[in-house]
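Structure at a glance
This is what each chain is made of:
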Amino acid sequence: APETCFYTCYDLILITADGSKYQLADYYEIGDVADVTTGGCSLEMVNALYDDRSVRVHVRRTRDILCTVNIHSSLSTALALEYEARQQLGADAGGGVVSTSSDLKGKAPGGGTEKPDALELEGLGFMEDPTGHLEKLFQSPFGQEIRCVESIAFSAFNPPPGYRRLSGDLIYLDVSTLEGQLYCVTAHTKGFYVNSSSGMFLDPSHCSPMQEAFTLVGLLRQLSERFAKGLSEILERKSQCHPFEIVPSLGQLNPWLATYPPPPHRKDIARAEDALMLPYGMETVGMQRDWNEELQSCREFPRKSLQDRIIRDRALYKVNCDFVDAATKGAMGVIGRCIPPINPTDVERFHMYVHNNIFFSFAIDGDFALMQQRYEGNLKQSRCVCDKDTQRYGYSFKHKQSMEKKIGGEASSVLHTHGLHSSVTLSECNETSVAEADTIVSDAEPSHAIESEQATFASANNDLKGTKAYNNADIAGLHTLAMAIIDYRGHRIVAQSIIPGILQGDKSNSLVYGSVDNGKRISWSEKIHSKVVEAGKILHIKEHEVHDGSGNKIMIAGPVECKGIVGSDDRLYLLDLMRSTPRDANYMGAGSRHYLLRPELVAAFCQVEALERVRARKVCVKGIDEKAVLEQELAAILLNPNVFTDFKLGGLPEDIAADEELVRKAGKYLVDVVLHKFVQDLGSLEVSPMDGQTLTESLHAHGINIRYLGQVANLSKHLPHIWNLCIVEMIVRAAKHVLKGILRETLDHDIGAAIAHFLNCFFCYCPPKEITAMQLIKTEDNSADKGGGKSEKVRKKGKCGQQRKSVSPDLQDDASKQSEWKEGSSKVEHKVSSTINVDVAQPSYLCITSELAWIDIVDIVKFKYQFELPDHEKLNVKTISTIRNLCLKVGVTLASRRYNLKSEAPFQTSDILDLHAVVKHSVPMCADAQAMLESGKLRLAQGKVNEAYEQFSEAFSIIQQISGPIHREVANCCRYLAMVLYHAGDTAGAIMQQHKELIINERCLGLDHPDTAHSYGNMALFYHGLNQTDLALSHMARTLLLLNVSCGSEHPDVAATYINIAMMYQDAGRMHIALRYLQEALQKNIRLLGENHIQTAVCYHALAIAFNCMGAYKLSLQHEGSTYKILVNQLGEEDARTHDSANWLKTFQMRDMQKQKGQQAVTAAAAQKAADSLKACPDLLQALQAVGGGSIGRGSLSKVAAAAALLGDSLPRSRGIDERGARAAAEVRKKAVAKGLHVRPQVVHAQALSPLTEFLNLLNNDISSKPSINTSPSSISANSDEKDALHSIGDDGQSKATTEAENAGSNLIKEINPVPTEEQGTTASQRESEECLSKEKTPLGLGVGLGAPEGKKVRQKLENAVPLQF
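Keep in mind that what you see is a predicted model, and the values were worked out from it rather than measured.

This part covers helix 2 (residues 52-66). Residue pairs spaced three or four apart in an α-helix point in one direction, given the helix's 3.6 residues per turn. For helix 2, built from 15 residues, the straight-helix expectation of 21 Å at 1.5 Å per residue is met to within 8% by its first-to-last C-alpha distance of 22 Å. Along helix 2, the residues that are buried comprise S54, V55, H58, V59, T62, R63, I65 and L66.

Set out below in structure tokens:
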């Protein structure tokens, strides 16, 4: 509340009904103090005394309240407030809601509509250049920051002297107000007051007049009027925000975009104090936190009741989040060389660090030295290694003693010498030996280095997955360590909590389970083994027998290399859980020892295997309880994680063979069943990933490893959006490794320039002309000014044995193109020629070219995913969604400005705004809430709305108590609650829940995450349900912007969004815009999903409904017929949706018949009126009879004959006319006219022209107009523009109406065929060909677009206007 938000130090007094008072202590339940169920109790908040910690907390809280920069401002909230303001303005003016949204521009006064222009379409998602709209992501709905005080800083008088400390002084503050006044404030145990200090000496006495208050905010209100005014504005702004927008969050989101240009960096003493006084995750006051003790103590909390489990899970969540935050800051300090190692004499890659009671180690490989020596031998054989210095890609790797040599290789393999290491955990410290790397192996292959790097990251990832699995098993008495993986500047840091006593003594005595020497000696303890077996039953890990190096048989229920350690606190710790699942039998080659099955796949496979066994038993035994047998079989299916390894297994050979066969079957199940089922779900849109992150989550949820991405791409060639998404994801992941290799070898001051240079090389790929790459080889520089030094030259790939080789002229031209990089006011130029002299003083990243980077990317994709990357697919990365994907994976923050990806250098150094750490962690989540969520989904699918609502509400309450409101699972609960409320008819309640989900997704996932885009889309649908179309379209505009940024325009979800927008415009009466969106959606679905897809049928049905609203029932029949055909092929005739489509067909047929009957009645009346007009004009009737040879209704009426009859001239030549008499009469009239004589015209009087004009107008109006008869209760009447759009559909209705008018006219006129001139029309053949083309394209909605019918509509109007020219 605004009145109490700045109070931080207080006590709560419970006053019971009888007047008794009880002071409530922290962490005590009120029910334990007094019985409050009888009523009459109250709570009183009283001020408490400050201490050192609470006063610092109070100052920090005050700073947070006065800061408005960190307030999350959701666009949805701003749009709702704007709409309410316009509604209130309209209500005050008495004219309804005032619409000012640009999304509804083109709305004509009086309810009509105007033709939409291109800008309107582009404004709602038809964007060819999404980069030009990036700045719209950061449009703040509020103004500038509100300032109410200049600064609040800790004074230089701190700490208080001893005599003042004894008097209660805690700290001193220097406060600078906006009025320019400086005050020295004393923070006392009883509150805050202004002392009399000035200058360089402390005067602790009160100032005159005395100014004091219990809170700092209360004191500042007395000192500054501008502070009081500014505080009121801040509280008013925060009151306008949604509560979820201002509530603090434990997690931190690292965005890939930031405002451009960056805001001014203001002087902030508080920020400086936090950065300098609390470095790398340290606590504010007090001793360092013992993370392990906190974590294990929380795990030992009681868990019997639901409330006990909520308290336990809340404590675990808080400790884990704090640990991840501290570990991230500590890892950045380690990489920044701000924290010294505990083993400084060892090789740098094997350094270990202890900071803030967290153990840090680089993810390194024990075979690192062996791998480097393999490359050294290979490169020496290929004569590509210098005797002293080796440079690849321009990186200078100096020979150091032992393994610190950075050995280079071919220039086309940037990763081959970067990060060749795996994880060294806490249990392996002091056990690492590099003596095994003394032998030089010269037969290494380039793929081994990439293999080793993948093993590096895979080992750390597998360890984290194993830790999560055992945490979820949650076996009492079996403990794991807090763990986090931090990727920053190309390095991977593994952070773990410290086992008590592990760093003080010999850990070999505390090892009671597993092995530390790869199975040579295996320890075993019954106490920990029983708990590991219990966890193995949950994780489907088999208890099996293994042999150690001495041949001893040992029973173990986990991987051999796992370690069970007894800490000094007598707790049992299990760590090094890299292989908690079996090895993937589909990858049995060398170097694939870290390729394991995912836990999700193991669980799914065991379910399927148990079901098969139950079915087999059910055939043999009848009357069994299938559910009980299923649980029994599921518990019996256990996998051996040590099969297909180098460890020697014990037991009978048939048991070992059975274990191996079961693991092979699991791998076969993955390839033969899971992959195909996943691709099938992708085709049916049951699974619809939109970017790399959602694709990864979908794969992992199905138990598919990322290494199968190439197979998924090959299986989904019929789905262009999935094919492109998989290829781009493989490319981005490979580019991530290349960029990490560059960052590892880049100096601190070149980080931004190196990232910008790589992005330009990556996104400005051009297909090679003659040479695919350039390489750096050893040559001598004979220039005199170099003093005989040596440098590297550029050669063709594969020509390392030659001393000099010229580069082709085409490559010289490409390499000679200059790239300018901004860094302040300096520019760096890099010139390449046939023999490029690489200056060792210049930054190494400048030697990277697009060709070399792409060769590495192609090699990594081929090695890791077994996928041959097509050359033309490399050009598909030039999208903003690819930039977003790569930046999120590496932690890069770009400036949100327009980027021309077609230029040679779209990125500049100034565009790289920051580099964040990318973190993986094992923060747990409540199992009870997850179970309730799944139960609610099941009940919602069954149609039990009330029960589903109860389950989702309970899950929401539990998760919010554990993690706070800002959590992804809370957002999921809100989404399901909104769905349930919407189906129940409570649209307002659905909007409330959906708004919560939207804000949480923006804060947890990002402003442009696909889930955030879907949240805006759902909000738009809910607003549309309340007839707030203006507000709904504003949210739809945001949805399309986010979809274009996150996944691009080529995705089925974009087409679905187009359909929703069309529905909104259709209900608003703007059919021309609705048809345009439906046409785009139909074409997109046909292109992405195929003509026979269900979603294509949805588009056809939407078009049928739209044409129904316009009265074009023939087109409705045509499109609904396409819908029915697709549904019959896909679902069958018995499906409910097929029956619905058949009913729609019948409805459209009935309405079409009603329309034809109405047209017949209208045309009959018009023909009778025309006959009456002709009877009033006997001369005209005589002329018409003459033309037809005396027979009305025969022959044709020509324009020449009609003109002659009206002018009194002779009629043209025709059967039954005396030509000579006609010519003679004409000659007489001409001579009489020449002599000035008056000649009586042979026509009717002037008043007879009025019935003729009336007849012609009536005839033309009947031909050109088609009355719309719509019997649908939900349809709307079409305006003039919609009628014109209806005219442009086809000529069938026009010809039919004309024929009916002729037949009903008492056979006076049977056919009117005016002769078109060259200016008035086209030839008959051209017209017929155009009509055929239009008929062929009619099922697509509107042909190629709205532009095509325009010409046809104009031509029809000209043809209809021809009869007026008599």
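For the rest of this paragraph, the subject is unusual backbone geometry. With an omega dihedral of -5 degrees, the bond running from N158 to P159 counts as a cis peptide bond. Within the secondary structure, P159 sits in the loop between strand 4 (151-154) and helix 5 (162-165). Put simply, Y260 and P261 share a cis peptide bond, and its omega is -5 degrees. Mapped onto the secondary structure, P261 falls in the loop between strand 9 (257-258) and helix 9 (269-277). Phi at N357 is positive, roughly 60 degrees, even though this residue is not glycine. Relative to the elements of secondary structure, N357 occurs in the loop between strand 10 (352-355) and strand 11 (358-362). In this model, N1027 sits at a positive phi of 65 degrees, which is unusual for a non-glycine residue. Position of N1027 relative to the elements: it lies in the loop between helix 29 (1010-1025) and helix 30 (1029-1046).

Moving on, we come to the nonpolar core. One recurring pattern in soluble globular proteins is that nonpolar side chains are buried together. Membership of the largest hydrophobic core comes to 196 residues, with the highest contact counts inside it found for F762 and L894. With 15 residues, helix 20 (residues 720-744) is the largest single contributor of residues to this core. If we skip the residues at most four places from it in the chain, F762 touches I731, A735, W854, I857, V877, T882 and L886. Within the second largest apolar cluster, 34 residues are counted, among which are C5, V185, L220 and L231.

A few words now on the packing of aromatic side chains. The geometry of an aromatic ring pair is captured by two quantities: the separation of the ring centres and the angle between the planes. Evaluated as defined, the whole model comprises 19 aromatic pairs. Measuring from ring centre to ring centre gives 6.1 Å for Y353 and F362, while their planes differ by 70 degrees; the resulting arrangement is edge-to-face. Like Y353, the residue F362 is buried in the burial classification. The ring of Y976 has R975 sitting right over it, with the charged end atom 4.9 Å from the ring centre.

The next point concerns the confidence of the model for the chain. Here the chain averages 74 in pLDDT, and 68% of its residues register 70 or above. Note that residues 1237-1366 has pLDDT below 50 and, in this model, 176 contacts with residues that lie over four places away or in other chains.

On to the side chain of D1053, then. By secondary structure assignment, the location of D1053 is in helix 31 (residues 1052-1067). It is R975 that comes nearest to the buried, bridge-free D1053 among opposite-charge side chains, at 12 Å. At 3.4 Å, the side chain of D1053 and the side chain of S688 are in polar contact. The contact partners of D1053, leaving out residues within four places of it in the chain, are S688, M690, H1014 and L1043.

Next up on the list: the sheet that holds strand 15 (residues 483-488). The pairing of strands in a sheet comes from backbone hydrogen bonds and takes either a parallel or an antiparallel form. Read across the sheet, five strands follow the order 10-11-16-15-27 without closing on themselves; strand pairing throughout is antiparallel. Edge positions in the sheet fall to strand 10 and strand 27 (918-921), since each of these pairs with one other strand and no more. Strand-to-strand, the axes of this sheet are offset by a mean angle of 20 degrees, without reference to chain direction. Taken together, the four bridges between strand 15 and strand 27 define a ladder with antiparallel strand orientation. Each bridged residue has a counterpart across the sheet, and for D487 the counterpart in strand 27 is V918.

Moving on to the sheet that holds strand 14 (residues 478-479). Read across the open sheet, the four strands follow the order 14-21-20-17; overall the sheet is mixed. The sheet is open, and its two edges are formed by strand 14 and strand 17 (511-514), each paired on a single side. For strand 20 (residues 563-566) and strand 21 (residues 572-575), the ladder comprises four bridges, and the chain directions are antiparallel. Paired with I565 across the two strands is Y573, which belongs to strand 21. Of the strands in this sheet, strand 14, strand 17, strand 20 and strand 21 are in contact with helix 14 (residues 526-539), which crosses strand 21 at around 50 degrees.

As judged from the four bridges shared by strand 1 (residues 10-15) and strand 2 (residues 21-24), these two strands associate in the antiparallel manner. From the neighbouring strand, L12 faces strand 2, where its bridge partner is L24. Hairpin connection, strand 1 to strand 2: the antiparallel pair is bridged by five residues, and G19 has positive phi, about 90 degrees.

Moving on, we come to helix 7 (residues 225-240). Across its 16 residues, helix 7 extends 23 Å between first and last C-alpha, which sits within 8% of the 22 Å expected from 1.5 Å per residue. Looking only at helix 7, the buried set comprises F227, G230, L231, I234, L235, R237 and K238. Looking straight down helix 7, one finds its buried side chains confined to an arc of 160 degrees; they lie on one side. When the buried face of helix 7 is taken as reference, the exposed residues oriented beyond 90 degrees from it are E225 and K229. Turning to helix 7, the residues buried within the fold contact helix 2, helix 6 (216-223) and helix 8 (243-246). At the N-terminal end of helix 7, a side-chain oxygen is found 3.4 Å from the backbone nitrogen of R226, two or three residues along, and the residue is S224.

It is possible for side chains bearing opposite charge to pair when their charged atoms get close. Per the counting criterion, the structure on display carries 47 salt bridges. In this structure, D1030 and R86 form a salt bridge, with 2.9 Å as the shortest nitrogen-oxygen distance. Placement of D1030 in helix 30 and of R86 in helix 3 (residues 75-93) is noted, with a sequence separation of 944 residues between them. In this structure, K740 engages D487 in a salt bridge whose closest nitrogen and oxygen atoms are separated by 3.6 Å.

Conventions and cut-offs
- Here, residues in each chain are numbered from 1, in the same order as that chain's written sequence.
- Where totals are concerned, whole chains, interfaces and linings use all residues; where local detail is concerned, this predicted model gives features only for residues with pLDDT of at least 70, and gives and counts side-chain atom pairs only at 80 or more.
- Remark: hydrogens and water are excluded; side-chain values derive from all non-hydrogen atoms of the structure.
- Each helix corresponds to a stretch of at least 4 residues labelled H or I by DSSP, and each strand to a stretch of at least 2 residues labelled E; elements are numbered beginning at the N terminus.
- The span you would expect from a helix comes to 1.5 Å times its residue count less one.
- Accessibility here uses a 1.4 Å probe with only protein chains present; expressed as a share of the type maximum, an area under 20% marks a residue as buried, one over 50% as exposed, and anything in between as partly exposed.
- Nine residue types can take part in a nonpolar core, namely buried Ala, Val, Leu, Ile, Met, Phe, Trp, Tyr and Cys, and a core is a set of them joined through side-chain atoms within 4.5 Å.
- Contacts were defined at the residue level, with two residues in contact if any of their heavy atoms lie within 4.5 Å.
- Ring geometry is summarised as follows: Phe, Tyr and Trp rings, the Trp one being its six-membered ring, pair when their centres sit within 6.5 Å, and such pairs are stacked at plane angles under 30 degrees, edge-to-face over 60 and tilted between the two.
- Note on criteria: charge over ring means Lys NZ or Arg CZ within 6 Å of the ring centre, with the direction from the centre no more than 35 degrees off the ring normal.
- As a per-residue measure, pLDDT tells how confident the predictor is, with possible values from 0 to 100.
- Positive charge is attributed to Lys and Arg, negative charge to Asp and Glu, and no charge count is given to His or to the chain ends.
- When a carboxyl oxygen of Asp or Glu is within 4 Å of a side-chain nitrogen of Lys or Arg, the pair counts as a salt bridge.
- Here a polar contact is recorded for every N or O atom pair within 3.5 Å, except that within protein the pair must consist of a potential hydrogen donor and a potential acceptor, and residues adjacent in sequence are included only if both atoms are side-chain atoms.
- Note: two strands are recorded as paired if DSSP finds a minimum of 2 bridges between them.
- Axes, fitted as lines to C-alpha atoms, cover a helix only where it is in contact. Angles between the N-to-C directions of the axes lie from 0 to 180 degrees.
- This arc is taken over the directions from the axis of the helix to the C-beta atoms.

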